[in-house]
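Chain by chain, the residues run as shown.
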Amino acid sequence: VLQDAALMQAAGINAVRVYFAISDTSVLDTLWAHGIYVIMTVYYDSAFDSVSMAVDRVCAVGSHPAVILWNIFNEPNFVYRGGGGSYVADA
């Protein structure tokens, strides 16, 4: 992460969006030290996650200064129903 953060800082990147919550505070510390904010994604209604899991992830690192935004869902109009590749898209 240190090398990537330094490269991103040199390129003028000041924010990243991640598709899964980063629970390792040392990663967040490194990004913060390089002036990089994090837009964190959590899911609360999928085959893999629940509301309580999302709340736990937010509470674990929600006060970290690198986290500036919580993105709920990745694509809210495209819902994975679990198993067998079943997807529903609302256009």
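Residues numbered from 1 in each chain as written. Predicted model: local features only at pLDDT ≥ 70, side-chain atom pairs only at ≥ 80, totals over all residues. Heavy atoms only, no water.

Observations regarding helix α2 (residues 25-33)
1) Next: The complete set of buried residues in α2 reads V27, L28, T30 and L31. Seen end-on, α2 carries its buried residues on one side only, within an arc spanning 160 degrees.
2) Next: The inward-facing, buried residues of α2 abut α1 (2-10), β2 (37-42), α3 (51-61) and β3 (67-72). (Buried < 20%, exposed > 50% of the residue type's maximum accessible area, 1.4 Å probe, protein only. Helix = DSSP H or I, 4+ residues; strand = E, 2+ residues; numbered from the N terminus. Arc of directions from axis to C-beta. Contact = heavy atoms within 4.5 Å.)

Observations concerning the environment of A15
1) Next: Looking at where A15 falls in the secondary structure, it is placed in strand β1 (residues 15-17).
2) Next: Using a relative accessible area of 35% as the deciding quantity, one classes A15 as partly exposed.
3) Next: Placed 17 residues apart in sequence, A15 and W32 show a C-alpha to C-alpha distance of 9.8 Å.
4) Next: Not counting chain neighbours up to four residues away, the residues in contact with A15 comprise I36 and Y37.

Some points on the confidence of the model for the protein
1) Next: For the protein, mean pLDDT is 84; residues scoring 70 or higher make up 75% of the total.
2) Next: Element-level pLDDT for the protein is lowest in strand β5 (residues 87-89), with a mean of 54, against a maximum mean of 98 in α2. (pLDDT = per-residue confidence, 0-100.)

Considering the side chain of T30
1) Next: Along the chain, T30 turns up in helix α2.
2) Next: Look at T30 and you get buried, because its relative accessible area is 19%.
3) Next: Setting aside residues up to four positions removed in sequence, T30 forms contacts with V1, L2 and A5.

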